[in-house]
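Architecture at a glance
Spelled out, the chains give:
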Amino acid sequence: MCTEEKIKFPFKETSQGLLDFVKHSPTSFHAVRTASEMLEKEGFVHLAESSAWDLEPDGKYYVTRNGSSLIAFCVPREKEAAFRLFCSHTDSPSFKVKEGPQLSGTAGYTKLNVEQYGGALRAPWFDRPLSLAGRVLVQTGNSIETRLVQIDRDLLMIPSLAIHMNREANEGMKYNVQTDLCPVFGDESAIESLRPLIAREMGVQEEAILSMDLFLYNRQRGTFIGANEEFLAAPRLDDLQCMYGSLIGFLNAPQHRAVSVYGAFDNEETGSESRQGAASTFLADVLTRINAARGGSQEDYFRAVAGSFLISGDNAHALHPNHPEKADPVNRPQMNQGVVIKFNANQKYTSDGRSASVLKLLCRHANVPYQVYTNRSDMAGGSTLGNISNTQVSLQAVDIGLPQLAMHSPYEMAGTKDTAYLIELTKEFYSCQLEVTDEKMAVQPSEA
Ligand code: CO
């Protein structure tokens, strides 16, 4: 059904673009900054939530909250009021450096005191060069400035205990974050070194640093693997692959028929319940304000939402080469086989027959292959932001993702073709004629 020659984004170059995006996005703050720069290059104008919004027809805007969630949108010239949204998340599991960051106690070492962020797979964080990235709050006079920092060198390591000291290590390990996961930051002399190091990096006085939100990140660069480079490996593919692919699709859509909205939310990995997460009012606030700024009434808003459609994009589990028994007997996505539609009877995913039908038709029109994911019936799966954001703005929605392995490891694996498939799908989604209400569903191809 899919004709590869119709995919306009070359697979390898597109994936290289993804790897570059990942490299510049070691934390959710950096992911939002990277995406903001790409949007500004395309003429999108930043709107502050604290300012009055004056929206022009054909205007392109973006809003951020906390510097870690972002919503961009295009205002159509026509009266069209319905919203067409693609949302993903900016954060990934990691370890956050605590206040009072340095730990001494073991002779000869200084460690950093960390706590886990999100559902990290702990073992693969061992025995690899790590570093720090995040944001730093700097005092300038009576003002407080927010600045991002990424220490671009190998700085930290979490060493394994040798096999000779734990002969059972290969029988399965339990890792305690407080005792096992605090990385080595230096010898004893490093005990007062973190703040000076950050201050030097940022070119500020040490005393000017008021607070830091710093996370560990994996230093290993993204790369292609496989006999024909058919796979790629990189940090944070969940969910930067969806965040990047949908952004490129959003920016390259030949036209925007409805109010096109691109969203990327922080804190998905901790349940989305924060000021800027998908459970917050961020999306509802922005949609309400777009409607109001265009002269829409409350009635217009309800009607617009009833005819809107959300694609929630968050990566999906591919069939594992060594553990096929963990997958559903039938619905087992494979990398490089296209976009995955995710289903769950208990509504962890928003997809149902109606919304999946819309998505399948979009894929057909875009010549993009699709496949299906469900959990094994005896295994609980994850959830994502689609159903959570629906508690704030109730939209017809479908959950999709791209197939990947090693989810929540600091180094994950995906297919070289799939980002290009997502781009083609999102281009089609934003530019087609879509009419979806409880009463009617119609999807016209974008060329029509
Ligand atoms: Co995810």
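See above for the structure.
First, a word on scope: everything that follows refers to the structure included in this document. (Residues numbered from 1 in each chain as written. Predicted model: local features only at pLDDT ≥ 70, side-chain atom pairs only at ≥ 80, totals over all residues. Heavy atoms only, no water.)

1. A word on the overall build of the chain
How we decide: Strands are runs of DSSP state E lasting at least two residues, helices are runs of H or I lasting at least four, and both sets are numbered from the N terminus onward. With C-alpha atoms as the basis for the radius of gyration, the globule rule is written as 2.2 Å multiplied by the number of residues raised to the power 0.38. Residue exposure (1.4 Å probe, protein chains only): buried if accessible area is under 20% of the type maximum, exposed if over 50%, otherwise partly exposed. Contact between two residues is taken to exist if any of their heavy atoms lie within 4.5 Å; hydrogens are not considered. Residues scored as charged are limited to Lys and Arg (positive) and Asp and Glu (negative), so that His and the chain ends carry no count. To locate a charge, the coordinates of NZ of Lys, CZ of Arg, CG of Asp or CD of Glu are taken.
When helices and strands are tallied, the chain shows 10 helices and 22 strands. In terms of overall size, the chain behaves like a compact globule, its C-alpha atoms giving a radius of gyration of 22 Å where 448 residues would be expected to give roughly 22 Å. Along the first, second and third principal axes, the C-alpha set of the chain runs to 70 × 60 × 40 Å. Split into buried and exposed, the 448 residues of the chain put 52% on the buried side. Summarising the internal contacts of the chain: among those between residues at least 6 apart in sequence, 77% fall at separations of at least 24. For the chain, the centre of its 42 positive side-chain charges and the centre of its 55 negative side-chain charges are spaced 1 Å apart.

2. As for the pairing of strand S2 (residues 60–65)
Where we set the bar: Any two strands are treated as partners once DSSP identifies two or more bridges connecting them.
Examined bridge by bridge, strand S1 (residues 45–47) and S2 share 3 bridges and lie parallel to one another. Among the inter-strand pairings, leucine 47 is bridged to a residue of S2, identified as valine 63. Hairpin geometry of S2 and strand S3 (residues 69–74) is characterised by an intervening segment of 3 residues between the two adjacent antiparallel strands and by a positive phi of about 65° at asparagine 66.

3. Focus on the coordination of the cobalt ion
Counted only if it meets this: Distances decide who is a donor: an N, O or S atom must be within 2.8 Å of the metal, or within 3.2 Å for Na, K and Ca. Water is not included, so sites may look incomplete.
Surrounding the cobalt ion are the protein donor atoms His89 (NE2), Asp238 (OD), Asp314 (OD) and Asp314 (OD), at 2.0 to 2.7 Å. The motif formed by the donor residues of the cobalt ion, counted along the single chain, is H-x148-D-x75-D. Note that aspartate 238 is positioned in helix H5 (residues 237–252) and aspartate 314 in the loop between strand S14 (309–313) and strand S15 (316–317), a separation of 76 residues in sequence. Accessibility assignment for this pair places aspartate 238 and aspartate 314 in one class, buried.

4. Details of the packing of aromatic side chains
Note the following rule: Here a Phe, Tyr or Trp ring, Trp counted by its six-membered ring, pairs with any other such ring whose centre lies within 6.5 Å, and the pair is stacked when the planes are under 30 degrees apart, edge-to-face when over 60, and tilted otherwise. Definition used: whenever NZ (Lys) or CZ (Arg) falls within 6 Å of the ring centre and also within 35 degrees of the ring normal, the charge is taken to sit over that ring.
Evaluated as defined, the whole model comprises 15 aromatic pairs. For the pair tyrosine 61 and phenylalanine 73, a centre-to-centre distance of 5.6 Å together with 35° between the ring planes defines the contact as tilted. One end of the pair, tyrosine 61, is in strand S2; the other, phenylalanine 73, is in strand S3, with 12 residues separating them in the sequence. Grouping residues by exposure puts tyrosine 61 and phenylalanine 73 together as buried. Ring plane angle 85° and centroid distance 5.3 Å describe the contact between phenylalanine 95 and tryptophan 125, whose orientation is recorded as edge-to-face. Residue phenylalanine 95 is found in strand S5 (residues 94–103), and its partner tryptophan 125 is found in the loop between strand S6 (110–117) and strand S7 (130–140); the two are separated by 30 residues along the sequence. Of the two residues, phenylalanine 95 and tryptophan 125, both sit in the buried class. Aromatic rings pair up to connect Phe44, Phe250, Tyr262, Phe309, Phe429 and Tyr430 into one cluster. Stacked on the ring of phenylalanine 224, the Lys or Arg lysine 12 has its end atom at 4.6 Å from the ring centre. Positioned above the aromatic ring of tryptophan 53 is the side chain of arginine 289, whose terminal nitrogen or guanidinium carbon lies 3.9 Å from the ring centre.

5. Re the sheet that holds S3
The test is simple: To get an axis, a line is fitted to the C-alpha atoms, and for a helix only the part in contact is used. The angle between two axes follows their N-to-C directions and goes from 0 to 180 degrees.
Strands sit in the order S1-S2-S3-S13-S4-S14-S18-S16-S17 across an open sheet of 9 strands; the sheet is mixed. Taken across any chain shown, the strands that pair with only one partner, and hence form the sheet edges, are S1 and strand S17 (370–373). Across the sheet, the mean angle separating the axes of adjacent strands is 25° when strand polarity is ignored. The pairing of S14 with strand S18 (residues 396–401) spans 5 bridges and is classified as parallel. Note on S18: the bridge partner recorded for leucine 310 is alanine 397. Packed on one face of the sheet, helix H2 (residues 28–41) meets S1, S2 and S3 and runs near 20° to S3.

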